[in-house]
Amino acid sequence: LTAVTHLQPVRFDPLKDFAAVVQTTSFSFMLVTHPSVPVQGARDLVALAKAKPGFFTYGSTGIGSAFHLAGELFSSLAGVKLLHVPYRGGGSAAITDLVGGRVDLMWDALAVVRPQLQAGKIKAVGVTGSRRAAVLPNVPTIAESGLPGYEMIGWHGMLAPLATPRDIVVRL
């Protein structure tokens, strides 16, 4: 695995050179749409996407990002074709295009989409995790709104160099 930072190859293998210390957080994402997309839940989106393969677009923060993978998981489980529109870096351009109707839907962090949801500029379809979000209890999970088995969470954690003494890893 080779990563590139400022066009310089990274001199380590992130899969072999680090030891897991602790998972610090886990969180769900939110599937949101432009208000013109006539869906109330995942069941509606699946039906529309089956009727119009490749018609519906979804923005993400880039190829291989968690939000891209959330869309691919949805497509795979539902047996539908959605058109991926990758954006570079953060999701602000994707959110701008969602609000402007240039893409139909997207998956993103609740903290990112919540202001637009509260302003009525986009609408929530479902939460990607196994439970509803405490701050938006009326928004069902994607699984309960029509796509059983769908679940995707993000997480953060701490790693240490593989050679870190075990007692220090335990202390951390």
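A quick note: this is a predicted structure, and the numbers were derived from the prediction, not measured. Position numbers for residues count from 1 along each chain, tracking the sequence in the order it is written. Since the coordinates come from a predicted model, pLDDT governs what is reported: local features require at least 70, and pairs of side-chain atoms require 80 or more to be given and counted, while whole-chain, interface and lining totals use all residues. The side-chain quantities take in all heavy atoms of the structure and omit both hydrogens and water.

J.: An account of a nonpolar patch on the surface is requested, with residue identities and associated values reported.
T.: Surface patches are defined over residues having more than 30% relative accessible area and no salt bridge, joining like charges when they lie within 9 Å and nonpolar side chains (Val, Leu, Ile, Met, Phe, Trp, Tyr) when within 5 Å. In this description, accessible areas are obtained by the Shrake-Rupley approach with a 1.4 Å probe, and a residue is regarded as covered only by the protein chains that are shown. A carboxyl oxygen of Asp or Glu within 4 Å of a side-chain nitrogen of Lys or Arg is what we treat as a salt bridge. Together, V22, M158, I168 and L172 make up a nonpolar patch on the protein surface, roughly 340 Å² of accessible area in all. Here L172 shows up in the segment after α5 (166-171). On the basis of relative accessible area, L172 is assigned to the exposed category, the value being 55%. Secondary structure is summarised from DSSP: a helix means a run of H or I of at least four residues, a strand means a run of E of at least two, and numbering begins at the N terminus for each. Residue exposure (1.4 Å probe, protein chains only): buried if accessible area is under 20% of the type maximum, exposed if over 50%, otherwise partly exposed.

J.: Describe the pairing of strand β3 (residues 18-33), naming the residues involved and giving the relevant values.
T.: Whether two strands pair depends on DSSP finding at least two bridges between them. Relative to strand β8 (residues 153-161), β3 runs antiparallel, the two sharing 9 bridges. Considered in β8, the bridge of T25 is made with H156. The sheet contact formed by β3 and strand β6 (residues 105-109) spans 5 bridges and is antiparallel. Bridge pairing links F29 to A109 in β6. Judged from the 4 bridges that link them, β3 and strand β7 (residues 123-127) form a sheet pairing that is antiparallel. Bridging across to β7, T33 finds its partner in K123.

J.: Help me get a handle on the side chain of H68, residues and values and all.
T.: Structurally, H68 is set in helix α2 (residues 66-78). Throughout this description, a polar contact denotes any pair of N or O atoms lying within 3.5 Å of each other; where both atoms belong to protein, one of them has to be capable of donating a hydrogen while the other can accept it, and for residues adjacent in sequence the pair is counted only when both atoms sit in side chains. A polar atom in the side chain of H68 sits 2.8 Å from the backbone nitrogen of G64. Among the polar contacts listed, one links the side chain of H68 to the side chain of H84, at a separation of 3.5 Å. Excluding residues within four positions of it along the chain, H68 makes contact with Y58, S60, G62, I63 and H84. Should any heavy atoms of two residues lie within 4.5 Å, those residues are counted as being in contact.

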